[in-house]
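Residues per chain, in single letters:
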Amino acid sequence: MQDFGTLGKSEHTVVITGTSRGLGLACTKMMLEEQISVIGISRSMVQDESVLDNPKYKHIELDLLSHSYTEALSEAVGDRPISGLINNAGTGGDRNKLAEVDANEVSKLIQIHTLSSIKMTQTLLPNLLKTKNSRVLNISSRFGSLEYERTQKFNSARVSYSYRISKAAVNMLSLCMHSEFKHQNLIVTAIHPGEIFTANAMPDASLTIEQAGALLKSCFFGIEPRHGGLFLRSDLSEMSY
Ligand SMILES: NC(=O)c1ccc[n+]([C@@H]2O[C@H](COP(=O)([O-])OP(=O)(O)OC[C@H]3O[C@@H](n4cnc5c(N)ncnc54)[C@H](OP(=O)(O)O)[C@@H]3O)[C@@H](O)[C@H]2O)c1
């Protein structure tokens, strides 16, 4: 079994979902700059030639909402050891009032954020377990924290029910996976990637996409077994579940 800690940067392979744009693309570019191999997943192709032309990048075009992608994924990855998986693909919801909450939206966000993180990890588990201290980073959000919602630490009034509920489920999923795999050298964490300037940024956004991508890459490499089961910011400071 190879050991995460003893591998050179160029020997790592990381699987990242949601690499066509945003945080996933920014993090992919940071990884590629350090010669790390990236297998990226999204429905549309990456619109960045520096990534597409890089031999260390492999793109799998698939919809995480489709039921039949695990075979394509297994085939593309083969039996190679994987150093880690970043379950990053995501989307927002619109409905932030109970009266408007719609089962389709809730179901869709749970599928993208929670069920796809389950399916991705299930599919890649044999590959992940070939590397001692490989890691699964489930990209959550501060709005998935039950404690912060209860205390209204962040103003979540604009954030949809579906987003808050599905990210809370990602947090619980991370804990379940940590409980199961903590003795098998697989480190599982939930990550809040920061307040990022994106199209629908919150008023307290403070990170550019590039800064958030760089932080996420450092987080991926900075995580140690003691971080397993924690809800962390990308700078490795602890958040409340
Ligand atoms: N932005 C923030 O401030 C912030 C804060 C906290 C947490 N987050 C979380 O960070 C993650 C990335 O956010 P972002 O701002 O970078 O979002 P983004 O710019 O909208 O990018 C989302 C990515 O997910 C992919 N994706 C969405 N649905 C998919 C599907 N059904 N199948 C495959 N891929 C799919 C998209 O690719 P395609 O459309 O090509 O499929 C895209 O590459 C999300 O989980 C988000 O909840 C973001």
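Refer to the structure presented above.
Residues numbered from 1 in each chain as written. Predicted model: local features only at pLDDT ≥ 70, side-chain atom pairs only at ≥ 80, totals over all residues.

Colleague: Just checking my understanding: could you explain the nonpolar core for this structure?
Modeller: As a rule of thumb, soluble globular proteins bury nonpolar side chains together. In terms of nonpolar packing, the biggest core is built from 43 residues, with Val14, Leu85 and Ile86 touching the most fellow members. Those residues in contact with Ile86, other than ones at most four positions away along the chain, are Val14, Ile16, Cys27, Leu137, Ile139 and Phe220. Counting 7 residues, the second largest nonpolar core, distinct from the first, contains Leu64, Ala89, Val159 and Tyr163. (Core = buried A, V, L, I, M, F, W, Y, C linked by C-beta atoms within 7 Å. Buried ≥ 20, exposed ≤ 12 C-beta atoms within 10 Å, placed from the backbone. Contact = placed C-beta atoms within 7 Å.)

Colleague: Looking at this structure, I do not really get the pairing of strand S7 (residues 134-139). What am I missing?
Modeller: In the case of a regular strand, side chains alternate between the two sheet surfaces. Most of S7 sits out of view: 6 of its 6 residues are buried. Covered by surrounding structure in S7 are Ser134, Val136 and Asn138 together with Arg135, Leu137 and Ile139, the residues of both alternating faces. As paired elements, strand S5 (residues 84-87) and S7 share 4 bridges and run parallel to each other. Opposite Leu85, over in S7, you have Val136 as the bridge partner. Relative to strand S8 (residues 186-192), S7 runs parallel, the two being bridged by 6 bridges. Across the sheet, the residue bridging to Leu137 is Thr189, located in S8. (Helix = DSSP H or I, 4+ residues; strand = E, 2+ residues; numbered from the N terminus. Pairing = 2+ DSSP bridges.)

Colleague: What is the right way to read unusual backbone geometry from this model?
Modeller: Working note: non-glycine residues mostly have negative phi, and peptide bonds are mostly trans. In this structure, Asn185 takes a positive phi of about 60° despite not being glycine. Among the structural elements, Asn185 can be located in the loop between helix H6 (161-181) and S8. Its identity is not glycine, yet Leu236 carries a phi of approximately 75°, on the positive side. Positionally, Leu236 belongs in the segment after strand S9 (231-233).

Colleague: I tried to follow the site of the ligand on my own but got confused; where do I start?
Modeller: In the vicinity of the ligand lie 26 residues, with Gly18, Gly22, Ser42, Arg43 and Gly90 positioned nearest. Broken down by element, the residue count for the shell around the ligand peaks at 3 residues, all from helix H1 (residues 22-33). Residue composition of the shell around the ligand, by class: 8 nonpolar, 14 polar and 4 charged. (Near = placed C-beta within 6 Å. Nonpolar A, V, L, I, M, F, W, Y, C, P; charged D, E, K, R; others polar.)

Colleague: Help me out: how do you make sense of the sheet that holds S5 in this one?
Modeller: Pairing between the strands of a sheet comes from backbone hydrogen bonds, and it takes one of two forms, parallel or antiparallel. Pairing is parallel in the open sheet, where 7 strands are placed in the order S4-S3-S2-S5-S7-S8-S9. Every other strand in the sheet has two partners, leaving strand S4 (57-61) and S9 as the edge strands with one partner each. Recorded for the sheet is a direction-independent mean angle of 20° between the axes of neighbouring strands. (Axes fitted to C-alpha atoms, helices over the stretch in contact; angles between N-to-C directions.)

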